Amino acid sequence: TDVLSFPQPWDSEDLSTDRSILGDIVISESTAERQAKERSHSLRDELRILLVHGLLHLLGYDHEESESAYLEMSEAEMKLLKRLEWKGEGLIKTSEEELLSTSADKATVPSPSSDSSEIAQSIMTRSQSENTENIENMSTTLSTTKKGPKRGKKKG
């Protein structure tokens, strides 16, 4: 998992609730470093792409909800990155391109001539199974470790 978003819970009927805090975004530095190398761009660019993805989740976008939501969030990522004058096309678009170019399982991957909805469905299916596995792995790790997260700069 590269980025996780945790929305701030709000009481929709309580208008006095401070809504200036959208929630928390957690980015895995080691995963971002690996992905930056794999995608041939800087760590800074990868962190920005992950930040935009996480922010859109806090704003209510969910690419796993439906094909139209997938396409809407992908477009929003590209627009926001462009508006901020940051490099990249967004996490969704990058993942889509990687899926098409590197998957060994041709039976489940749409061809490059496929329409966007087929690609969206393929990635949503893969993302859901990967997320389930990642959550199970994180839960196991958290339940077996007694130390808190490391803070500060990575040495080396």
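Rules behind the numbers
- Residues numbered from 1 in each chain as written.
- Predicted model: local features only at pLDDT ≥ 70, side-chain atom pairs only at ≥ 80, totals over all residues.
- Heavy atoms only, no water.
- Helix = DSSP H or I, 4+ residues; strand = E, 2+ residues; numbered from the N terminus.
- Buried < 20%, exposed > 50% of the residue type's maximum accessible area, 1.4 Å probe, protein only.
- Contact = heavy atoms within 4.5 Å.
- Core = buried A, V, L, I, M, F, W, Y, C linked by side-chain atoms within 4.5 Å.
- pLDDT = per-residue confidence, 0-100.
- Axes fitted to C-alpha atoms, helices over the stretch in contact; angles between N-to-C directions.
- Left-handed = near helix turned anticlockwise from the far one by under 90°.
- Nonpolar A, V, L, I, M, F, W, Y, C, P; charged D, E, K, R; others polar.

A count of helical and extended segments in the chain gives five helices and two strands. What you see in the chain, going N to C, is helices and strands ordered as β-β-α-α-α-α-α. Looking at the 156 residues of the chain, the share that counts as buried comes to 26%. Long-range pairs, those at least 24 residues apart, make up 49% of the contacts in the chain between residues at least 6 apart in sequence.

A separate point is the nonpolar core. Core analysis: the biggest nonpolar cluster contains twelve residues, these being Val-3, Ala-32, Ile-49, Leu-50, Val-52, Leu-56, Tyr-70, Met-73, Ala-76, Leu-81, Leu-91 and Ile-92. Listed by contribution, the elements that provide at least two residues to this core are α2 (43-58), α3 (67-83) and α4 (91-102). What Leu-50 contacts, discounting residues up to four positions off in sequence, is Asp-2, Val-3, Ile-27, Ala-32, Gln-35 and Leu-91.

Next up on the list: the environment of Val-26. Secondary-structure assignment places Val-26 in strand β2 (residues 23-27). Taking the relative accessible area as the measure of exposure, Val-26 reaches 43% and is therefore partly exposed. Once the C-alpha coordinates of Val-26 and Asp-2 are considered, the two residues, 24 residues apart in sequence, prove to be 8.3 Å apart. Non-local contacts of Val-26, meaning those with residues more than four positions away in its chain, are made with Asp-2, Val-3, Leu-4 and Phe-6.

Not every positive phi belongs to a glycine, and Ser-40 is a case in point at roughly 55 degrees. For Ser-40, the location among the structural elements is in the loop between α1 (29-38) and α2. Given the relative accessible area of 69%, Ser-40 is considered exposed. At Glu-85, a position not held by glycine, the phi torsion is positive, near 60 degrees.

Quick look at the side chain of Gln-35 now. Mapped onto the elements of the fold, Gln-35 is located in helix α1. Of the residues examined, Gln-35 reaches a relative accessible area of 8% and is grouped as buried. Those residues in contact with Gln-35, other than ones at most four positions away along the chain, are Asp-2, Glu-46 and Leu-50.

As a further point, take the confidence of the model for the chain. This prediction gives the chain a mean pLDDT of 76; 65% of its residues lie at or above 70. Model confidence for the chain, summarised as mean pLDDT per element, is weakest for helix α5 (residues 116-144) at 48 and strongest for α2 at 97. This stretch, residues 109-114, has a pLDDT under 50; its non-local contacts, to residues over four places away or in other chains, come to ten contacts. Considering only residues more than four positions removed or in separate chains, one finds that residues 137-156, a stretch of pLDDT under 50, has four contacts.

Let us look at the packing of α1 against α2. Contact geometry of α1 with α2 gives a least axis separation of 8 Å together with a crossing angle of 115 degrees. Judged by the sense of rotation from one axis to the other, the crossing of α1 with α2 is right-handed. Here Ala-32, Glu-33, Gln-35 and Ala-36 of α1 lie close against α2, whose contacting residues are Leu-43, Glu-46, Leu-47 and Leu-50. Of the residues in the contact of α1 with α2, the class split is five nonpolar, one polar and two charged.

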